[in-house]
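Examination of the molecular architecture
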Amino acid sequence: MGNEEERENRIQLKGFCFSPYLEGQSPGNPNQQWNESQIENRLIEMTKRCQVEGIRTYGSSNELQSISFIAKRLGLRTSIGAWLSIPSKSNNDLELNQLIQQCNQRDERGNLIVDVAIVGNEVLLRKDLTIDELIKCIQFVRDRIPHQVQITTAEPYGMYYKYPQLIQHLDLVYVHIYAYWDQINVQSAIHHTQSHFNKMVSISNGKKVVIAEIGWPSAGEKHGEASPNQKNASQFFQEFLAWSNKNGIEYFYFEAFDEGWKVAHEGERGAHWGVMDSTGSLKEGFSLQDEKEPISGQSISIQISNIQQVSPNICF
């Protein structure tokens, strides 16, 4: 198959959650190094398999700050994150300042290299910061970046239900929705997703809601009624693409590549969230031809106020 035919047959996605790690690498390990060349190669590998409009990232230090420039050079929209955690055990100041620096940087054509600044990822869920501390960090970044760069944070829907006042401090709302972590079977997963997406739209005061993480693992431990296997992962992927495309919903699918280091945090399922495996090969059932509508007649009753989503993904 020629290069042109390969490009025409790529899966089309709005966005991917992206990290550059190869098998055996993990974030925060001082004995491992990745450089701009590895990051560029990983991004190119991703775009060979999938036609992607944009990426979101999680950290802005330890060479990860180079992702924004490389991604923009490759024509991708960039949602760039600062990884925040417990202040006494973190590099929060470094992360915030590196994010600010990127937001003020322009490419050779004079274009800003960051489209959206993501201040923290699931810090309220992990209870690493209080709501007031997070808002203070958001304002700290806002005061130091161009007005053209939109600002947000990223949390599961349950945190926005609990802290609706957070929304007024954001330009757009990045929400995580995981039917798998909510122990929902795959037949009901899209209905579950749609219910919480609609609820988020209803409380977001007209601001755009973006699904900043969503996915289904292709192997690992069963979680309630949610079974992680190749068939269910591909079914959810195809049904989600059909639903999101039909309704014009923006999203970042979790995630581009399998990352083995997450086993330590999530069990075996942690290593199997990728649309592609760790070598960059597209998984079975994720092809362009397989996109399909959600299974009809599989509805569920959701008590919105009683669900507190648990999303233990560690993604920096």
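Okay, so let's go over this structure. (Residues numbered from 1 in each chain as written. Predicted model: local features only at pLDDT ≥ 70, side-chain atom pairs only at ≥ 80, totals over all residues. Heavy atoms only, no water.)

**Observations regarding the overall build of the protein**
- On a plain count of helices and strands, the protein comes out with 10 helices and 8 strands.
- Counting across all 316 residues of the protein, residues that qualify as buried make up 54%.
- Restricting the contact set of the protein to residue pairs at least 6 apart, pairs at least 24 apart contribute 71%.
- When the accessible surface of the protein is summed, it comes to about 13,600 Å², and 44% of that surface belongs to carbon and sulfur atoms. (Helix = DSSP H or I, 4+ residues; strand = E, 2+ residues; numbered from the N terminus. Buried < 20%, exposed > 50% of the residue type's maximum accessible area, 1.4 Å probe, protein only. Contact = heavy atoms within 4.5 Å. Areas by Shrake-Rupley, 256 points an atom, 1.4 Å probe, with all protein chains shown as cover.)

**Quick notes on the side chain of D182**
- Take D182: it is sitting in the loop between β6 (173–176) and α8 (189–203).
- In this structure the side chain of D182 is engaged in a polar contact, spanning 2.5 Å, whose partner is the side chain of Y157. (Polar contact = N/O pair within 3.5 Å; in protein donor to acceptor, adjacent residues only side chain to side chain.)

**Description of the packing of aromatic side chains**
- According to the stated counting rule, one finds 19 aromatic pairs in the structure shown.
- Taking the centre distance of 5.4 Å and the plane angle of 40° together, the rings of Y157 and Y161 count as tilted. Separated by 4 residues within a single helix, Y157 and Y161 lie in helix α7 (residues 157–162), roughly one turn from each other. The residues Y157 and Y161 share a single accessibility class, namely buried. (Phe/Tyr/Trp six-rings, centres within 6.5 Å; stacked < 30°, edge-to-face > 60°.)

**Some points on helix α6 (residues 131–142)**
- Across its 12 residues, α6 extends 16 Å between first and last C-alpha, which sits within 8% of the 16 Å expected from 1.5 Å per residue.
- Regarding α6, the residues found buried are I131, L134, I135, C137, I138 and V141. For α6, the angular spread of the buried residues around the axis is 160°, confining them to a single face. Residues of α6 that are exposed and point over 90 degrees away from its buried face: D132 and K136.
- Those residues of α6 that are buried are in contact with α4 (92–103), β4 (116–121), α5 (123–126) and β5 (150–156). (Expected span 1.5 Å × (residues − 1). Arc of directions from axis to C-beta.)

**A short note on the pattern of salt bridges**
- Tallying each qualifying case throughout the model produces 14 salt bridges.
- Among the ionic pairs, K262 bridges to E259, the shortest N-O distance being 3.3 Å. As far as burial versus exposure is concerned, K262 and E259 are alike and both buried.
- Through salt bridges with shared partners, one network takes in K72, R77 and D115. (Salt bridge = Lys/Arg side-chain N within 4 Å of Asp/Glu carboxyl O.)

**Some words on the side chain of E259**
- Position of E259 relative to the elements: it lies in the loop between β8 (251–253) and α10 (263–266).
- A polar atom in the side chain of E259 sits 3.3 Å from the side chain of K262.
- Residues in contact with E259, not counting those within four places in the same chain, are S19, Y21, G270 and A271.

**Quick notes on unusual backbone geometry**
- Here F254 and E255 are connected by a cis peptide whose omega angle stands at 5°.
- Residue placement: E255 occurs in the loop between β8 and α10.
- Phi at E63 is positive, roughly 75°, even though this residue is not glycine.
- With respect to the helices, strands and loops of the structure, E63 is situated in the loop between β2 (50–56) and α3 (67–73).
- Among the residues examined, E63 registers a relative accessible area of 34% and is labelled partly exposed.
- Positive phi is not limited to glycine here, since N205 has a value of about 55°.
- Here N205 is to be found in the loop between α8 and β7 (209–214).
- The exposure class of N205 is exposed, given its relative accessible area of 64%.

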